[in-house]
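Spelled out from the first residue to the last, the chains are:
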Amino acid sequence: MAKRIDVKDLNIYYSDFLAVADVNVNIEPNSVTAFIGPSGCGKSTFLRTLNRMHEVIPGARVVGKVAMDGVDLYGDGVDPVAVRRSVGMVFQRPNPFPTMSIAENVLAGVRLNNRRISKSDAESLVESSLKGANLWNEVKDRLGRPGSSLSGGQQQRLCIARAMAVKPQVLLMDEPCSALDPISTLAIEDLISELKANYTIVIVTHNMQQAARVSDRTAFFNIAGTGLPGRLIEVDATTTMFSSPRERATEDYISGRFG
Ligand SMILES: Nc1ncnc2c1ncn2[C@@H]1O[C@H](COP(=O)(O)OP(=O)(O)OP(=O)(O)O)[C@@H](O)[C@H]1O
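Residues numbered from 1 in each chain as written. Predicted model: local features only at pLDDT ≥ 70, side-chain atom pairs only at ≥ 80, totals over all residues.

The name given to the chain in an unreviewed UniProt entry is Phosphate ABC transporter ATP-binding protein, with Pengzhenrongella sicca as the source organism.

Next comes the structure, spelled out in structure tokens:
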């Protein structure tokens with residue numbers, strides 16, 4: 001089941017450096033939210049706080065609240081590994097395990113979680129995940145071949161299948177198409193639109209057309225200068241953000257006047 005995300009007064013640090021300040025945002029279940037903004041404003045940093053990946057970096061920490069269906073991810077007793085299991089992540093560069101087979105790549109996250117799974121359950125999970133990622137028809141006859149034998153776009157869909165195999169409730173995507181050609185990009189965008197029936201999706205993108213095409217809501221982040229924290233300037237329905245944003249900075253960025 002897709003979850004809602006409510007972020008309250010979140011400040012994100014790398015040691016003493018405040019990288020992103022005072023984020024407040026609500027993300028509805030079964031929606032796609034795009035994070036846009038100039039380089040260095042903290043989009044990826046903020047994204048990684050939504051599955052507690054940020055704190056993997058030594059000295060990195062947050063102050064504030066990120067609630068999923070009302071449960072604070074940073075509350076006492078919350079296991080970060082369990083959080084990462086329920087919040088899948090897809091990265092900029094497709095990162096399948098290169099020598100592992102296509103099928104084993106899909107199962108990698110499940111195996112990492114030490115879940116025992118029968119051969120027939122594994123086979124059906126591989127099939128359903130690859131179908132969900134719109135990759136099944138292209139790979140069903142070569143599931144034993146290595147992940148690296150696929151094209152970049154196919155590898156990225158394999159990574160999405162791997163993320164989905166652990167049945168997360170939220171899917172985070174950090175510029176998932178930036179290393180892909182236009183056709184693979186459209187395939188991923190179509191997939192994102194389908195996946196929102198089952199997941200809450202947050203995507204970081206530098207591509208304004210992509211944000212306009214795939215997202216229901218858009219959040220614009222900005223930074224006033226080097227060394228200053230990034231801030232969430234405005235978040236609204238994507239159609240509103242692209243036609244009549246409230247803030248001048250949003251309009252300037254979207255229309256390509258800066259960033
Ligand atoms: N591992 C790190 N250690 C220290 N500072 C970091 C680290 N990663 C990012 N930062 C800093 O945090 C700020 C936000 O960076 P972040 O990568 O989140 O921005 P971004 O908006 O995603 O940028 P881009 O669009 O270029 O990917 C920047 O000032 C960056 O230098």
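Having put the structure on the table, let's press on.
K.L.:
Explain the site of the ligand to me, please; I cannot follow it from the model alone.
P.N.:
As a structural note, the neighbourhood of the ligand is formed by Tyr14, Ala19, Gly37, Ser39, Gly40, Cys41, Gly42, Lys43, Ser44, Thr45, Ile57 and Gly230. With three residues, the top contributor of residues to the shell around the ligand is helix 1 (residues 43–49). (Near = placed C-beta within 6 Å. Helix = DSSP H or I, 4+ residues; strand = E, 2+ residues; numbered from the N terminus.)

K.L.:
Explain the sheet that holds strand 4 (residues 60–68) here, please?
P.N.:
Sheets are built from strands paired through backbone hydrogen bonds, the pairs being either parallel or antiparallel. Overall, mixed pairing links the ten strands, which are arranged 5-4-1-2-10-9-3-8-7-6 in an open sheet. With one partner strand each, in any of the chains shown, strand 5 (71–72) and strand 6 (87–90) form the two edges of the open sheet. Looking at chain direction, strand 3 (residues 32–36) and strand 9 (residues 217–223) are connected through four bridges and run parallel. Bridge pairing in strand 9 links Ala34 to Thr218. Helix 6 (residues 152–165) contacts strand 6 and strand 7 (170–174) of the sheet and is inclined by roughly 170° relative to strand 6. (Pairing = 2+ DSSP bridges. Contact = placed C-beta atoms within 7 Å. Axes fitted to C-alpha atoms, helices over the stretch in contact; angles between N-to-C directions.)

K.L.:
It is not clear to me how helix 4 (residues 119–132) should be interpreted in this structure. Could you clarify?
P.N.:
Because each turn of an α-helix spans 3.6 residues, side chains separated by three or four positions end up pointing in the same direction. Under the 1.5 Å per step criterion, the end-to-end length of helix 4 is 20 Å for 14 residues, consistent within 8% with the ideal 20 Å. Looking one or two residues past helix 4, Asn134 carries a phi angle of roughly 60°, positive in sign. (Expected span 1.5 Å × (residues − 1).)

K.L.:
For this particular structure, what's the right way to read the pairing of strand 3?
P.N.:
A regular strand places its side chains so that they alternate between the two faces of the sheet. For strand 3, a buried count of five out of five residues is recorded, marking the element as mostly surrounded by other parts of the structure. Every second residue of strand 3 is oriented toward a common face, with Val32, Ala34 and Ile36 on one face and Thr33 and Phe35 on the other, all of them buried. Pairing analysis gives four bridges linking strand 3 to strand 8 (residues 200–204), with the strands arranged parallel. Counted as the bridge partner of Ala34 is Ile203 from strand 8. (Buried ≥ 20, exposed ≤ 12 C-beta atoms within 10 Å, placed from the backbone.)

K.L.:
I'm lost on helix 3 (residues 102–112) in this one. Help?
P.N.:
Among the residues of helix 3, those classed as buried are Ile102, Ala103, Asn105, Val106, Leu107, Gly109 and Val110. Check the buried side of helix 3 and you find it contacts helix 4, helix 5 (136–139) and helix 6.

K.L.:
Would you mind showing me how to read the environment of Leu150 here?
P.N.:
Among the secondary structure elements, Leu150 is positioned in the loop between helix 5 and helix 6. As a C-alpha pair, Leu150 and Asp22 span 128 residues in sequence and 42 Å in three-dimensional space. Excluding its chain neighbours within four sequence positions, the residues that come into contact with Leu150 are Gln155 and Leu158.

K.L.:
Would you take a moment to explain the packing of helix 6 against helix 7 (residues 182–195) for this structure?
P.N.:
A pair of packed helices is captured by two measures, namely the crossing angle of their axes and the spacing between those axes. The interhelical angle for the contact between helix 6 and helix 7, taken along N-to-C directions, is 20°, at an axis separation of 9 Å. As summarised for this structure, helix 6 and helix 7 are arranged roughly parallel, according to the angle between their axes. Crossing of helix 6 against helix 7: the hand is right-handed. Facing Gly152, Gly153, Gln156, Arg157 and Ile160 of helix 6, the residues of helix 7 in contact are Ser184, Ala187, Ile188 and Leu191. (Parallel < 35°, antiparallel > 145°, perpendicular 65-115°, else oblique. Left-handed = near helix turned anticlockwise from the far one by under 90°.)

K.L.:
Mind showing me how you'd approach the pairing of strand 1 (residues 5–14) here?
P.N.:
Two strands pair when backbone bridges link them, and strand 1 and strand 2 (residues 17–27) are joined in this way by seven bridges, in the antiparallel orientation. Counterpart to Leu10 in the pairing with strand 2 is Val23. Joining the antiparallel neighbours strand 1 and strand 2 is a turn of two residues, in which Ser15 adopts a positive phi near 50°. In the sheet, strand 1 pairs with strand 4 via eight bridges, with the strands oriented antiparallel.

K.L.:
Could you clarify how one ought to interpret the environment of Arg115 in this entry?
P.N.:
Within the secondary structure layout, Arg115 lies in the loop between helix 3 and helix 4. Arg115 sits in the exposed class, given 12 other C-beta atoms within 10 Å. With 106 residues separating them in the primary sequence, Arg115 and Asp9 have C-alpha atoms 36 Å apart.

K.L.:
Where do I start with the nonpolar core in this structure?
P.N.:
Nonpolar side chains tend to gather and get buried jointly when the protein is soluble and globular. In terms of nonpolar packing, the biggest core is built from 70 residues, with Phe35, Ala161, Leu171, Leu172, Ile201 and Ile203 touching the most fellow members. For this core, the leading source of residues is helix 6, giving seven residues. Residues in contact with Ile203, not counting those within four places in the same chain, are Val32, Ala34, Met173, Pro176, Ile192, Val214 and Ser215. (Core = buried A, V, L, I, M, F, W, Y, C linked by C-beta atoms within 7 Å.)

K.L.:
Help me understand unusual backbone geometry in this model?
P.N.:
Most peptide bonds adopt trans geometry, and most residues besides glycine take a negative phi value. With a phi angle near 60°, Arg52 is a residue other than glycine that sits in the positive phi range. Along the chain, Arg52 turns up in the loop between helix 1 and strand 4.

K.L.:
Looking at this structure, how should I read the confidence of the model for the chain?
P.N.:
When pLDDT is low, close inspection of the predicted coordinates is not appropriate. Of all residues in the chain, 99% attain a pLDDT of 70 or more, and the chain-wide mean is 94. In the predicted complex, the global pTM is 0.94; the interface-specific ipTM is 0.98. (pLDDT = per-residue confidence, 0-100.)

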